[in-house]
Amino acid sequence: MNLLKDKICIVTGGGHGIGRATADTFIDAGATVIIADFDDKTGTATADDLGEQCSFVNTDVSNTDSVQELVQTVKEQHGRIDVLVNNAGILQDQTLEKMDEDQFDRVLQVNLRGVFLCTKYAAEVMREQGSGVILNASSVVARFGNFGQTNYVAAKAGLEGMTKVWARELGKHGIRVNAVAPGFIQTDMTAQMPEKIIKMMEDKVPLKRWGQPEEVANLYCFLASDDAAYISGAVLHIDGGVVV
Ligand code: NAP
């Protein structure tokens, strides 16, 4: 309870899925949450649903001006940034032979460049205040690869690498940086997959079920809190045992 009392937290891609569940869980834990999402309609509706501790700033994480504006707005309105959850992500799956350059570039722009930009500008504020937590959304596929996901896997593996670099660079400023690697979690993103694949994936999980967004949100909440004060540079898997 109150693990994140009075913390100012940005959750990118907080309009849907794991991001929305994370915003909700953080608010329950006492935080103020700024949802930074692409889509005005969903972002505003989610912020309204989650109540007065939640607000929405329209943000494209892959665009420098947009990210700078987000950080400036949060700094002006709240004076600090305690936690950044780099959750926004997209899929554009295709086998190597069919994946075109635009599909490769777009996924890298959002899932890798977006994490770089948000961290670069939020970390400026965190450095000034001498504290902060950065949490990056990876995936089990960063370790195993996945059919049809050249672009997505490249981004997630790169993100895990950046997590370790930033843990080294930012630790002396009191900033912790970790990645969370979910397995199969039931959200709009995974609902795009064919039924046959969904069933096949479920069979591979030792716990024999998909994870829920709230279960990932609980892990983010722990990592964002002072209970995780000595955890940095880690990649934590949350996947029902699928990596075993
Ligand atoms: P989701 O339901 O598709 O939500 C992703 C959110 O990111 C959406 O609200 C989306 O907004 C937003 N977004 C997309 N592009 C953006 C941009 N350029 N700037 C700002 N926001 C943007 O996805 P999810 O399943 O919750 O996944 C969340 C994260 O966990 C992702 O990074 C994903 O790769 C990772 N992950 C998910 C799973 C899983 O099984 N679900 C497994 C491993 C890792 P719009 O809807 O408006 O486009």
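Owing to the predicted nature of the structure, the values given are computational and were not obtained by experimental measurement.

### Re the sheet that holds strand 5 (residues 132-137)
And step 1. Taken together, seven strands build an open sheet; the order of strands is 3-2-1-4-5-6-7 and the sheet is parallel. With one partner strand each, in any of the chains shown, strand 3 (54-58) and strand 7 (235-238) form the two edges of the open sheet. Strand after strand, the sheet turns through a mean of 20 degrees between neighbouring axes, direction not considered.
And step 2. Strand contacts of helix 4 (residues 101-129): strand 1 (8-12), strand 4 (83-86), strand 5 and strand 6 (175-182), with the helix running at about 175 degrees to strand 4, the strand carrying the most contacts.

### Things to note about helix 6 (residues 150-170)
Note: α-helices contain 3.6 residues per turn, so residues at a spacing of three or four share the same orientation.
And step 1. Between its first and last C-alpha, helix 6 extends 30 Å over 21 residues, near the 30 Å set by a 1.5 Å rise per residue.
And step 2. Among the residues making up helix 6, those that are buried are N151, Y152, V153, A155, K156, L159, E160, M162, T163, W166, A167 and L170.
And step 3. Looking at the buried positions of helix 6, the neighbouring elements they touch are helix 4, strand 5, helix 5 (141-144), strand 6, helix 7 (188-191) and strand 7.

### A few points about the packing of aromatic side chains
And step 1. According to the stated counting rule, one finds one aromatic pair in the structure shown.
And step 2. Aromatic side chains F184 and W210 sit 5.6 Å apart centroid to centroid with 45 degrees between the ring planes, which places their arrangement in the tilted category. Taken as a pair, F184 in the loop between strand 6 and helix 7 and W210 in the loop between helix 8 (195-204) and helix 9 (213-224) lie far apart in primary sequence, 26 residues in all. Accessibility classification places F184 together with W210 in one group, the buried group.
And step 3. One residue, K120, lies across the ring of Y121, its end atom 5.6 Å from the ring centre.

Calculation rules
Residues numbered from 1 in each chain as written. Predicted model: local features only at pLDDT ≥ 70, side-chain atom pairs only at ≥ 80, totals over all residues. Heavy atoms only, no water. Pairing = 2+ DSSP bridges. Helix = DSSP H or I, 4+ residues; strand = E, 2+ residues; numbered from the N terminus. Axes fitted to C-alpha atoms, helices over the stretch in contact; angles between N-to-C directions. Contact = heavy atoms within 4.5 Å. Expected span 1.5 Å × (residues − 1). Buried < 20%, exposed > 50% of the residue type's maximum accessible area, 1.4 Å probe, protein only. Phe/Tyr/Trp six-rings, centres within 6.5 Å; stacked < 30°, edge-to-face > 60°. Lys NZ or Arg CZ within 6 Å of the ring centre and 35° of its normal.

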